[in-house]
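Below are the chains, spelled out letter by letter.
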Amino acid sequence: SSGINAEWPLRPGKKKNKKGKVFVREPSCSWSTSTTQSIHSSICEIALSKFDYTLPVETGQVVMPLGFLPMTRLICRAVGIQLTLRDYSDNRYFTESDVMNVFPIVKHSNPRARDATKLKDLAEDRLGNGYLGESHELITDALNTMLQVYGPLHSDIESSHKHLAHISYLFGRIGQAVSHQKQGLLASERVLGIDHYETIYCYVYLALFAHNLAQTSVALRLMYRAKYLLQLIFGPDHLEQAAFDINIGLMLHTKGDSVNSQKFLESALKLHKKFHGSGSVQVAMCNILVARALAGNADFREAMKYQKHAFEVYSEKYGEDDKKEKSTDCDSALIPLL
């Protein structure tokens, strides 16, 4: 107790080293004097110096390019904040009363089975070179080894099942592809979380495999789920949303629902115009798809407009003798006859 009492008068900012010397640390209180304007000006300076970009907002305005929910989710996962479960869609902020818990963000390294990892890497290399049979054997051996080392739940287990599903799909074994993809999806949901981007793509691949088995209703439910999760993470203005909308639109067109198919295809066209410009090849492709959906709805006049725009883009990009340009010209002639 005497030793404790002897050191007690020292301020918290003082520390002794092994030699008994005292070092005084001056506490930094710059964060306590920070204001909204100072933080905003610091962000503007960093954006200008690092990216040569001037933020187009005034001081005090809230910058949320992803929307409130995706930005709130991103901040909570990065900092370690757990919020109370309620509807935040109508709010632009959350308060201290909404914070239910704070947990530390800890970096760690996942253990890896060295032999299984080598087999997995070799299988991916053989698949890239076109040796499907060898790749299937190698990834099967790697998966069996991983199951003995990790158990059924690990990120490598998920990627191995996805690899096997891809090979089975290339072999034409759609049933086996669906089975492997389901196991990979279950592992991804439990290991990475239901809102992880790998889990989203597991839903997409499973939807495409189900669509190849003529299970269009099941495929649509999976695509709707993937689209919802992608919008939750990245917001509505994301380039992958266009790819999802095209897939959903084509599935609905196959099912005979041309009205809803047109809506999703027009949404994809809007996103491609925003990210690629109106004169891009992606916009031309979307114009063709929208034209076919409009032709299915017997709106031939509007379909001709979209088809002509695609014809103009292909003519400018590839010339008048290109196959794509000629195919769009033929489609324009056939649309009024549908």
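Calculation notes
- Counting restarts for each chain: residues are numbered from 1 in the order of the written sequence.
- Residues qualify for local features only when their pLDDT is at least 70, as the model is predicted, and side-chain atom pairs are given and counted only at 80 or more; totals for whole chains, interfaces and linings, by contrast, use all residues.
- Excluded from the side-chain calculation are hydrogens and water; included are all heavy atoms of the structure.
- We count a stretch as a helix when DSSP gives it H or I for four or more residues in a row; a strand needs E for two or more, and each element gets its number in order from the N terminus.
- Burial here depends on accessible area, computed with a 1.4 Å probe over protein chains only, as a share of the maximum for the residue type. Under 20% is buried, over 50% is exposed, and the range in between is partly exposed.
- Residue contacts follow a heavy-atom distance rule, with two residues in contact if any of their heavy atoms lie within 4.5 Å.
- Only the protein chains shown count as covering a residue, and every accessible area follows the Shrake-Rupley method with a 1.4 Å probe.
- Helix span is expected to be 1.5 Å times the residue number reduced by one.
- Per-residue confidence from the predictor is given as pLDDT, running between 0 and 100.
- Each reported salt bridge corresponds to a side-chain nitrogen of Lys or Arg within 4 Å of a carboxyl oxygen of Asp or Glu.
- In plain words, nonpolar cores are sets of buried Ala, Val, Leu, Ile, Met, Phe, Trp, Tyr and Cys residues tied together by side-chain atoms within 4.5 Å.
- In this analysis, axes come from line fits to C-alpha atoms, helices being fitted only over the stretch in contact, and the angle between any two N-to-C directions falls in the range 0 to 180 degrees.
- Each angle receives one of four descriptions, namely roughly parallel if under 35 degrees, roughly antiparallel if over 145, roughly perpendicular if within 65 to 115, and oblique otherwise.
- Crossings are sorted by hand: turned counterclockwise from the far helix by less than a right angle, the near helix makes the crossing left-handed, and turned clockwise it makes it right-handed.
- Note that Gly is not counted as nonpolar here; it falls among the polar residues with everything else outside the nonpolar set of Ala, Val, Leu, Ile, Met, Phe, Trp, Tyr, Cys and Pro and the charged set of Asp, Glu, Lys and Arg.
- In this scheme Phe, Tyr and Trp rings, the latter by its six-membered ring, pair at centre separations within 6.5 Å, and the angle between planes marks the pair as stacked below 30 degrees, edge-to-face above 60, and tilted otherwise.
- Geometrically, a lysine NZ or arginine CZ counts as sitting over a ring once it is within 6 Å of the ring centre and also within 35 degrees of the ring normal.

1. A few points about the overall build of the protein
Stage number 1. Helix and strand counts for the protein come out as 14 helices and 4 strands.
Stage number 2. The buried share of the protein, reckoned over its 338 residues, is 33%.
Stage number 3. Pairs at least 24 residues apart make up 50% of the contacts formed inside the protein by residues separated by at least 6 positions.
Stage number 4. Of the accessible surface of the protein, which amounts to about 21,500 Å², a share of 56% is contributed by carbon and sulfur atoms.

2. Describing helix H9 (residues 216–234)
Every α-helix carries 3.6 residues per turn, so stepping three or four residues along brings you back to the same face.
Stage number 1. For H9, which comprises 19 residues, the first-to-last C-alpha distance of 26 Å matches the rise-based estimate of 27 Å (1.5 Å per residue) to within 8%.
Stage number 2. Those residues of H9 that are buried lie in contact with helix H3 (68–79), helix H8 (197–212), helix H10 (239–255) and helix H11 (258–276).
Stage number 3. Where H9 terminates, the next one or two residues include Gly 235, which has phi positive at roughly 90°.

3. A look at the confidence of the model for the protein
Stage number 1. Looking at the protein as a whole, its pLDDT mean stands at 81, while 81% of the residues score no less than 70.
Stage number 2. For residues 332–338, every residue scores under 50 in pLDDT, and the model assigns this stretch 11 contacts once sequence neighbours within four places are set aside.

4. Brief notes about the pattern of salt bridges
Stage number 1. The full count for this structure, using the stated rule, is 11 salt bridges.
Stage number 2. When salt bridges with common partners are traced through the structure, they connect Arg 73, Arg 77 and Asp 195 into a single cluster.

5. A look at the nonpolar core
Stage number 1. By size, the foremost hydrophobic cluster in this structure holds 26 residues, and its most contacted members are Ile 200, Tyr 203, Met 223, Ala 226, Phe 244 and Ile 248.
Stage number 2. Listing elements by their share of this core, those giving two or more residues are helix H7 (174–191), H8, H9 and H10.
Stage number 3. Leaving out residues up to four positions away in the same chain, Phe 244 has contacts with Ile 200, Val 204, Met 223, Ala 226, Lys 227 and Leu 230.
Stage number 4. Leu 271, Cys 286, Ala 295 and Ala 303 belong to the second-largest nonpolar core, a separate cluster that totals 15 residues.

6. Quick word on the packing of helix H4 (residues 114–128) against helix H5 (residues 132–149)
Stage number 1. Relative to each other, H4 and H5 sit at 160°, their axes nearing to 8 Å. The pairing of H4 with H5 is recorded here as roughly antiparallel in orientation. As H4 runs across H5, the sense of the crossing is left-handed. From H4, Ala 116, Leu 119, Lys 120, Leu 122, Ala 123, Arg 126 and Leu 127 reach across to H5, where they touch Leu 132, Glu 134, Ser 135, Leu 138, Ile 139, Asp 141, Ala 142, Thr 145 and Met 146.
Stage number 2. Within the contact of H4 with H5, the residues separate by chemical class into 10 nonpolar, 2 polar and 4 charged.

7. Re the environment of Tyr 53
Stage number 1. Mapping Tyr 53 onto the fold places it in the loop between helix H2 (36–51) and H3.
Stage number 2. Apart from the residues lying within four places of it in its own chain, the contact partners of Tyr 53 are Ala 47 and Leu 48.

8. Concerning the side chain of His 180
Stage number 1. Note that His 180 resides in helix H7.
Stage number 2. Classification of His 180 as buried rests on a relative accessible area of 18%.
Stage number 3. Residues contacting His 180, with those up to four places away along its chain left out, are His 161, Leu 164, Ala 165 and Ser 168.

9. Brief notes about the packing of helix H12 (residues 281–296) against helix H13 (residues 300–318)
Stage number 1. Axis separation between H12 and H13 bottoms out at 8 Å; the angle between their running directions is 155°. Here H13 runs roughly antiparallel to H12, going by the angle between their axes. For the pair H12 and H13, the sense of crossing is left-handed. Counting all contacts with H12, which are made through Val 281, Val 283, Ala 284, Met 285, Asn 287, Ile 288, Val 290, Ala 291, Leu 294 and Ala 295, the residues of H13 involved are Phe 300, Glu 302, Ala 303, Tyr 306, Gln 307, His 309, Ala 310, Val 313, Tyr 314, Lys 317 and Tyr 318.
Stage number 2. Within the contact of H12 with H13, the residues separate by chemical class into 16 nonpolar, 3 polar and 2 charged.

10. Some words on the packing of aromatic side chains
Stage number 1. The final tally for this structure, using the stated rule, is 3 aromatic pairs.
Stage number 2. Its end group placed over the ring of Tyr 131, Arg 126 keeps NZ or CZ at 4.2 Å from the ring centre.
Stage number 3. Just above the ring of Phe 171 sits the side chain of Arg 173; from NZ or CZ to the centre is 4.7 Å.

11. Remarks on the environment of Gly 80
Stage number 1. The residue Gly 80 is located in the loop between H3 and strand S3 (81–83) in this model.
Stage number 2. Looking at Gly 80, the relative accessible area reads 0%, which means it is buried.
Stage number 3. Gly 80 sits 26 residues away from Val 106 along the chain, and the two C-alpha atoms are 9.8 Å apart.
Stage number 4. Ignoring any residue separated from it by four or fewer positions in sequence, one finds Gly 80 in contact with Ile 75, Asn 101, Val 102, Phe 103 and Ile 105.

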